[in-house]
Amino acid sequence: MIGVLLAGLLATQSLPASRPCTEAEMVALTAEAATPYVLRCQARLSGRAVLRPVLIQGAEASGAAIDCGGGSIGRPGQAVTTRSPTVAIWSRDLGGERFTRPRGVALTDCTVHGAVRIWGMGAGESMVSLHATSRRPDHTARAQAAAPTDITLSRVTFAGTGSIPLYVGPGVTRVTVSDSRFTGRSVSTAVYLDAESADNTIRDSSFDLRTGREVIAVDGSARNRIMENRIALNRMGGVFLYRNCGEDGVIRHQTPSDNRITGNTFSRAAWLVPRAVVVGSREGGRRYCGDDAGWPLGSSADDGDNAAGNVVAGNTVSRR
């Protein structure tokens, strides 16, 4: 075990952005600016605020980190968009179906005003690459190889301002959210685990925010662990597992399977139908399900959620 830990530490230290930020880089990071700061180092803010967006992109940003020391990123109450989130952890499209992705990225002890968006293929909202590879039987593997991996979000307060506070995009793997808080508001969910993503963990965190729908969406995402969280439903849904067939014409290959949702405490549930955890919440029935028709693959062949092997145990639900 010690050997494994040492190997992991050495691997992290060898990443290109694992060096401390210089003073000039710190000045630029904390400057008043509207353009994103491209982070390629490890910043210790000691409570200083970052008012500009942060972009962590490509393999050259692997190992980048921000320890806010109790400080914040973003402007309180300012709306952000999916194209321009507060913190973007993105892959870069090199063309020719080649991508460069960041790994080993960390945010610690921060309040993020707005949203964190982790995205591989399709970063910046272009669906061309996702649409094309979804017509191949190895789409899940391709999406995962192109997407950020090994992302740690610890002791982060996500202060939502409308956009989804944490979006884990197609193919993203091994994101760990721990000891964190979700507050504010979202027009949709608090967390979205998108198609072909896998092996993510959300644990020991609290959710108390206004959402437009369920708190956590598991959309064609597999082998995730959602455990020991405190989730205020505010009469909405809790954790929904489904496969969003056909949206944007992209075929969903992976099913929402082999997830573990255990030991969570759900409060303020709806009186008649609490809907804390719903496995297979859609089973098709969306107007765009036919937009990926014509292929013998995934949701093109079958609009069902096909959720299997999920473990839902030890959760408690109250209406208070």
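Our subject is the structure listed above.
In what follows, the accompanying structure is described. (Residues numbered from 1 in each chain as written. Predicted model: local features only at pLDDT ≥ 70, side-chain atom pairs only at ≥ 80, totals over all residues. Heavy atoms only, no water.)

1. Some points on unusual backbone geometry
- A positive phi angle is found at Asp 109, which is not glycine, with a value near 55°.
- Counting through the fold element by element, Asp 109 comes out in strand E9 (residues 103–113).
- Classification of Asp 109 by relative accessible area gives partly exposed; the value is 27%.
- Although it is not a glycine, Asp 179 adopts a positive phi angle of roughly 50°.
- Looking at the secondary structure, you find Asp 179 in the loop between strand E13 (173–178) and strand E14 (181–186). (Helix = DSSP H or I, 4+ residues; strand = E, 2+ residues; numbered from the N terminus. Buried < 20%, exposed > 50% of the residue type's maximum accessible area, 1.4 Å probe, protein only.)

2. Here's the deal with the environment of Val 312
- Here Val 312 lies in strand E26 (residues 311–313).
- Placed 256 residues apart in sequence, Val 312 and Ile 56 show a C-alpha to C-alpha distance of 34 Å.
- Setting aside its immediate chain neighbours within four residues, Val 312 contacts Ile 261, Val 277 and Val 279. (Contact = heavy atoms within 4.5 Å.)

3. So, the pattern of salt bridges
- In the structure shown here, the tally under the stated rule is 14 salt bridges.
- Taking the shortest distance from any N to any O, the salt bridge between Arg 136 and Glu 97 comes out at 2.8 Å. Within this pair, whereas Arg 136 is found in the loop between helix H3 (128–133) and helix H4 (139–146), its partner Glu 97 is found in the loop between strand E7 (92–95) and strand E8 (98–100), the two being separated by 39 residues in sequence.
- Overall, the relative accessible area of 40% leaves Glu 97 in the partly exposed class.
- Where Asp 199 meets Arg 223, a salt bridge forms, and the shortest distance between an N and an O atom there is 2.9 Å. Note that Asp 199 is positioned in the loop between strand E15 (191–193) and strand E16 (201–203) and Arg 223 in the loop between strand E19 (216–219) and strand E20 (225–227), a separation of 24 residues in sequence.
- Given the relative accessible area of 30%, Asp 199 is considered partly exposed.
- Ionic contacts of the salt-bridge type, sharing partners, join the residues Glu 97, Arg 136, Asp 138 and Arg 142 into one network. (Salt bridge = Lys/Arg side-chain N within 4 Å of Asp/Glu carboxyl O.)

4. Some remarks on the packing of aromatic side chains
- If you walk through the whole model with that rule in mind, you get 4 aromatic pairs.
- Between the aromatic rings of Phe 158 and Phe 182, the centroid separation amounts to 4.4 Å while the plane-to-plane angle is 5°, which identifies the pairing as stacked. With Phe 158 in strand E11 (residues 149–162) and Phe 182 in strand E14, this residue pair connects regions lying 24 residues apart in the sequence. Comparing Phe 158 with Phe 182 shows no difference in burial state: the two are buried.
- Measuring from ring centre to ring centre gives 5.0 Å for Tyr 167 and Tyr 192, while their planes differ by 10°; the resulting arrangement is stacked. (Phe/Tyr/Trp six-rings, centres within 6.5 Å; stacked < 30°, edge-to-face > 60°.)

5. Thoughts on the state of the cysteines
- Evaluation of the coordinates by the stated rule reveals 3 disulfides.
- Paired through a disulfide, Cys 21 and Cys 41 show a sulfur-sulfur distance of 2.0 Å. Between Cys 21 and Cys 41 the disulfide shows an S-S torsion of about 90°. By sign, it is right-handed. Taken together, the residues Cys 21 in the loop between helix H1 (2–13) and helix H2 (23–29) and Cys 41 in the loop between strand E1 (37–38) and strand E2 (42–44) connect sequence positions 20 residues apart. The residues Cys 21 and Cys 41 share a single accessibility class, namely buried.
- Between the sulfur atoms of Cys 245 and its disulfide partner Cys 289 the distance amounts to 1.9 Å. In this pair, Cys 245 is assigned in the loop between strand E22 (239–242) and strand E23 (260–262) and Cys 289 in the loop between strand E25 (277–279) and helix H5 (298–301), connecting sequence segments 44 residues apart. Cys 289 matches Cys 245 in its accessibility class, with the two residues each being buried.
- Numbered by order of appearance in the sequence, the disulfide-linked cysteines of the protein pair as 1-2, 3-4, 5-6. (Disulfide = S-S within 2.5 Å.)

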